[in-house]
Amino acid sequence: MDIQAEKIRLIEWLAGLNDTKTLNEFITLKKKKEVDWWDEISVEERAEIEEGLAEADRGEVVPHNEVMEKYKEWL
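Because the structure is predicted, anything quoted here is derived from the model rather than measured. (Residues numbered from 1 in each chain as written. Predicted model: local features only at pLDDT ≥ 70, side-chain atom pairs only at ≥ 80, totals over all residues. Heavy atoms only, no water.)

Some details on the overall build of the protein chain
Turning to step 1, where the next piece is worked out: Regarding its fold elements, the protein chain presents five helices and zero strands.
Turning to step 2, where the next piece is worked out: Secondary structure elements of the protein chain, listed N to C terminal, follow the sequence α-α-α-α-α.
Turning to step 3, where the next piece is worked out: Overall, the C-alpha framework of the protein chain stretches about 55 × 30 × 25 Å when taken along its three principal axes.
Turning to step 4, where the next piece is worked out: Residues classed as buried in the protein chain amount to 5% of the 75 residues present.
Turning to step 5, where the next piece is worked out: Only carbon and sulfur atoms are counted for the fraction: they give 57% of the accessible area of the protein chain, which is about 7,200 Å².
Turning to step 6, where the next piece is worked out: The centroid of the 11 positive side-chain charges in the protein chain is displaced by 8 Å from the centroid of its 20 negative side-chain charges. (Helix = DSSP H or I, 4+ residues; strand = E, 2+ residues; numbered from the N terminus. Buried < 20%, exposed > 50% of the residue type's maximum accessible area, 1.4 Å probe, protein only. Areas by Shrake-Rupley, 256 points an atom, 1.4 Å probe, with all protein chains shown as cover. Lys, Arg positive; Asp, Glu negative; His and termini not counted. Charge placed at Lys NZ, Arg CZ, Asp CG, Glu CD.)

Brief notes about the packing of aromatic side chains
Turning to step 1, where the next piece is worked out: Applying the stated criterion to the full structure yields three aromatic pairs.
Turning to step 2, where the next piece is worked out: Measuring from centroid to centroid gives 5.6 Å for W13 and F26, while their planes differ by 55 degrees, and the two rings are tilted. With W13 in helix α1 (residues 3-15) and F26 in helix α2 (residues 20-33), this pair connects stretches of sequence that are 13 residues apart.
Turning to step 3, where the next piece is worked out: Ring centres of Y71 and W74 lie 5.7 Å apart, and the angle between their planes is 45 degrees; this geometry places the pair in the tilted category.
Turning to step 4, where the next piece is worked out: For Y71, a relative accessible area of 38% corresponds to the partly exposed category.
Turning to step 5, where the next piece is worked out: Classification of W74 as exposed rests on a relative accessible area of 61%. (Phe/Tyr/Trp six-rings, centres within 6.5 Å; stacked < 30°, edge-to-face > 60°.)

A few points about a nonpolar patch on the surface
Turning to step 1, where the next piece is worked out: A grouping of V62, V67, M68, Y71, W74 and L75 is seen on the molecular surface, where their side chains present a nonpolar patch of about 640 Å² in accessible area.
Turning to step 2, where the next piece is worked out: One can find L75 in the segment after α5 (64-70). (Patch = residues over 30% accessible without salt bridge, like charges linked within 9 Å, V, L, I, M, F, W, Y side chains within 5 Å. Salt bridge = Lys/Arg side-chain N within 4 Å of Asp/Glu carboxyl O.)

What to know about the pattern of salt bridges
Turning to step 1, where the next piece is worked out: Under the criterion given, the structure shown has five salt bridges.
Turning to step 2, where the next piece is worked out: Two residues, K30 and E34, come together in a salt bridge whose shortest N-O distance is 2.4 Å.
Turning to step 3, where the next piece is worked out: Between K72 and E69 there is a salt bridge; the shortest N-O distance is 2.8 Å. Accessibility classification places K72 together with E69 in one group, the exposed group.
Turning to step 4, where the next piece is worked out: Through salt bridges with shared partners, one network takes in E51, R58 and E60.

Structure follows, in structure tokens:
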């Protein structure tokens, strides 16, 4: 099976589809298959992100220009 050819045939068929029920079934399938990146990262990564957001909410941030100045030799 040539997967690329099958995808093209499916796209062509879908482009000509006028049946809203079938189209909605495809939309539902697509939503079921989509993965949220948040669910794919580790607990530790989530904790780090949440801590970073909490720091930002508290105003504990460094302005972009200061960071760029500090690390300009590596950029």
